Amino acid sequence: MASEDVKTSGEAAVSTIVNLAEEAKLASEGVKTQGPAFLSICKSLVAGGVAGGVSRTAVAPLERLKILLQVQNPHSIKYNGTIQGLKYIWRTEGFRGLFKGNGTNCARIVPNSAVKFFSYEEASKGILWFYRRQTGNDDAQLSPVLRLGAGACAGIIAMSATYPMDMVRGRLTVQTDKSPHQYRGIVHALSTVLKEEGPRALYKGWLPSVIGVVPYVGLNFAVYESLKDWLLKSNTFNLVENNELSVTTRLACGAAAGTVGQTVAYPLDVIRRRMQMVGWKDAASVVTGDGRGKAPLEYTGMVDAFRKTVRYEGFGALYKGLVPNSVKVVPSIAIAFVTYEMVKDVLGVEMRISD
């Protein structure tokens, strides 16, 4: 009897050890499968961040000039066109003036771009999965409309996550040598706005940004991906080599995407930038120039900002800074898309949404 008890206990012990070993094996397999997935996410975020930093730094002077044109008073013109505006900045502020606010811009755009590209891929996968379930077609692919939806989701998520940095960047960018230097840098600007205007001030202009980001980012992704797919499938103009598009062709696709997106969404960008100035006690002196024709910058909301801008400055005011922005956004978007894909290729990350 005793020997049987020992035998039973031994079998139970062996069984327990075997079960523990199997559980440990499963756990290790789970870690192995999660590890590469986590690494892939990190690589995707890094690629998006690098793409954003490189593209924005390349066009930083045009970005600053665009914002200065958007907010300057029509009765005190200092920046009159792209070439004259860049020359004026160079003459009055030097080389560093061309890149003023770029540090803040990169501090915002790097995480923004990382989140945006990653969110687009994840949203695309989710939308495609849902679409296939609804249609019962497991071979269905993303249409331009579905890509537009995925791009809109990515834009809203990325913009909302980094909006306070964009608001602060706008204020830092419009400061000149003749204007009160209220903000000494990113941290000082954030702390000053929080102290003097409250937390809600960090999201001034958020609504027009949300409305504008849907056509802007959505069209960017939709046009870029759709053009690429069309060229790969049709091989129009014999641009496909080894089942791939050249860097030049991808740059052209990105340029087309940027042109379409920024043209549709530009008026909302002007209104957003003006709303960001509201509540800043020195904004009038900064925006209107050297003290002439100062008027309080007060808008009760997005609609009021539209109405007052058109009433006092005309419909054309909604497109102030469009030329430098067009010159900027085409290479910026193109560089961002191509840099993102090249960095992901270097890091060895698969990026096909349909797989």
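Residues numbered from 1 in each chain as written. Predicted model: local features only at pLDDT ≥ 70, side-chain atom pairs only at ≥ 80, totals over all residues. Heavy atoms only, no water.

Chemist: Mind laying out the overall build of the protein, listing which residues take part and the relevant values?
Modeler: A tally of helices and strands in the protein yields 11 helices and 2 strands. Of all intrachain contacts in the protein linking residues separated by at least 6 positions in sequence, the fraction that spans at least 24 positions is 77%. Roughly 17,800 Å² of accessible area belongs to the protein as shown, and the carbon and sulfur atoms make up 64% of that amount. (Helix = DSSP H or I, 4+ residues; strand = E, 2+ residues; numbered from the N terminus. Contact = heavy atoms within 4.5 Å. Areas by Shrake-Rupley, 256 points an atom, 1.4 Å probe, with all protein chains shown as cover.)

Chemist: Break down the packing of helix α8 (residues 247-277) against helix α10 (residues 302-313) for me, citing the residues and quoting the values.
Modeler: Two elements in contact, α8 and α10, have axes separated by 10 Å at closest approach and are oriented at 100 degrees. The angle between the axes of α8 and α10 places the two elements in the roughly perpendicular class. Here α8 contributes Pro267, Leu268, Ile271, Arg274 and Met275 to the contact with α10, which in turn contributes Met302, Ala305, Phe306, Thr309 and Glu313. Among the residues forming the contact of α8 with α10, the class breakdown is 7 nonpolar, 1 polar and 2 charged. (Axes fitted to C-alpha atoms, helices over the stretch in contact; angles between N-to-C directions. Parallel < 35°, antiparallel > 145°, perpendicular 65-115°, else oblique. Nonpolar A, V, L, I, M, F, W, Y, C, P; charged D, E, K, R; others polar.)

Chemist: Give me the lowdown on the nonpolar core, citing residues and values where you can.
Modeler: Among the nonpolar cores identified, the biggest contains 34 residues, and Phe117, Val193, Tyr216, Phe221 and Phe337 are the most heavily contacted of them. Of all the secondary structure elements, the ones that give two or more residues to this core are α1 (2-58), α4 (102-135), α5 (144-174), α6 (186-197), α7 (206-234), α8 and α11 (322-347). Broken down by element, the residue count for this core peaks at 8 residues, all from α7. Setting aside residues no more than four positions away along its own chain, Phe117 makes contact with Gly48, Ala51, Phe221, Ala336, Phe337 and Tyr340. Ranked by size, the runner-up nonpolar core spans 11 residues in total, among them Leu68, Leu69, Ile89 and Leu98. (Core = buried A, V, L, I, M, F, W, Y, C linked by side-chain atoms within 4.5 Å. Buried < 20%, exposed > 50% of the residue type's maximum accessible area, 1.4 Å probe, protein only.)

Chemist: Run through the pattern of salt bridges, naming residues and quoting values.
Modeler: Under the criterion given, the structure shown has 18 salt bridges. Two residues, Glu93 and Arg64, come together in a salt bridge whose shortest N-O distance is 3.1 Å. One end of the pair, Glu93, is in helix α3 (residues 82-98); the other, Arg64, is in helix α2 (residues 60-71), with 29 residues separating them in the sequence. The salt bridge involving Lys228 is made with Glu341; its shortest N-O contact spans 2.7 Å. Remark: Glu341 occurs in helix α11 and Lys228 occurs in helix α7; sequence separation between them is 113 residues. Classification of Glu341 by relative accessible area gives buried; the value is 5%. Overlapping salt bridges bring together Glu63, Lys66, Asp166, Asp269, Arg272 and Arg273 as one network. (Salt bridge = Lys/Arg side-chain N within 4 Å of Asp/Glu carboxyl O.)

Chemist: So, the environment of Leu194: which residues are in play, and what are the values?
Modeler: If you trace the backbone, Leu194 turns up in helix α6. Apart from residues no more than four positions distant in its own chain, Leu194 is found in contact with Pro199 and Leu202.

Chemist: So what about the packing of aromatic side chains? Which residues, and what values?
Modeler: Across all of its chains, the model carries 12 aromatic pairs by this definition. Look at Phe117 and Tyr340: their rings are 4.1 Å apart centre to centre, the planes differ by 20 degrees, and that puts the pair in the stacked class. Residue Phe117 is located in helix α4, and its partner Tyr340 is located in helix α11; the two are separated by 223 residues in the primary sequence. When sorted by exposure, Phe117 lands in the same class as Tyr340, which is buried. (Phe/Tyr/Trp six-rings, centres within 6.5 Å; stacked < 30°, edge-to-face > 60°.)

Chemist: I'd love a proper account of the packing of α7 against α8, names of residues and values included.
Modeler: Orientation of α7 relative to α8, taken along the N-to-C sense of each, is 175 degrees, at an axis distance of 8 Å. The angle between α7 and α8 places the two elements in the roughly antiparallel class. Looking at side-chain class alone, the contact of α7 with α8 contains 18 nonpolar, 8 polar and 3 charged residues.

Chemist: I'd like a description of the confidence of the model for the protein, backed by residues and values.
Modeler: Interpretation of this model should avoid reading the predicted coordinates in detail wherever pLDDT is low. Looking at the protein as a whole, the pLDDT averages 79, with 81% of positions reaching at least 70. Averaged pLDDT values for the elements of the protein fall to 51 in helix α9 (residues 283-287) and rise to 90 in α3. For residues 351-355, every residue scores under 50 in pLDDT, and the model assigns this stretch 14 contacts once sequence neighbours within four places are set aside. (pLDDT = per-residue confidence, 0-100.)

Chemist: Tell me about the environment of Pro267, residues and numbers included.
Modeler: Here Pro267 shows up in helix α8. Placed 197 residues apart in sequence, Pro267 and Gln70 show a C-alpha to C-alpha distance of 9.9 Å.

Chemist: A description of the environment of Gly52 should follow, citing residues and the corresponding values.
Modeler: One can find Gly52 in helix α1. Gly52 sits 60 residues away from Asn112 along the chain, and the two C-alpha atoms are 7.8 Å apart. Residues contacting Gly52, with those up to four places away along its chain left out, are Ile109 and Ser113.

Chemist: I'd like to hear about α5, residue by residue, with values.
Modeler: The end-to-end C-alpha distance of α5 is 37 Å, clearly below the 45 Å that 31 residues give at a rise of 1.5 Å each. In α5, a bend of some 65 degrees at Thr162 exceeds every other bend along the element, and Pro164, a proline, comes one to four places later. A large share of α5 lies buried, amounting to 22 of its 31 residues. (Expected span 1.5 Å × (residues − 1). Bend = angle between axes of the 7 residues up to and from the residue.)

Chemist: How would you sum up the side chain of Asp304? Please name residues and give values.
Modeler: If you trace the backbone, Asp304 turns up in helix α10. A polar side-chain atom of Asp304 sits 3.0 Å from the main-chain amide nitrogen of Thr300. At 2.3 Å, the side chain of Asp304 and the side chain of Arg307 are in polar contact. Setting aside anything within four residues of it in sequence, one finds Asp304 in contact with Glu298 and Tyr299. (Polar contact = N/O pair within 3.5 Å; in protein donor to acceptor, adjacent residues only side chain to side chain.)

Chemist: Describe a nonpolar patch on the surface, naming the residues involved and giving the relevant values.
Modeler: On the surface, a cluster of nonpolar side chains totalling about 360 Å² of accessible area is made up of Tyr203, Trp206, Leu207 and Ile211. Relative to the helices and strands, Leu207 is located in helix α7. (Patch = residues over 30% accessible without salt bridge, like charges linked within 9 Å, V, L, I, M, F, W, Y side chains within 5 Å.)

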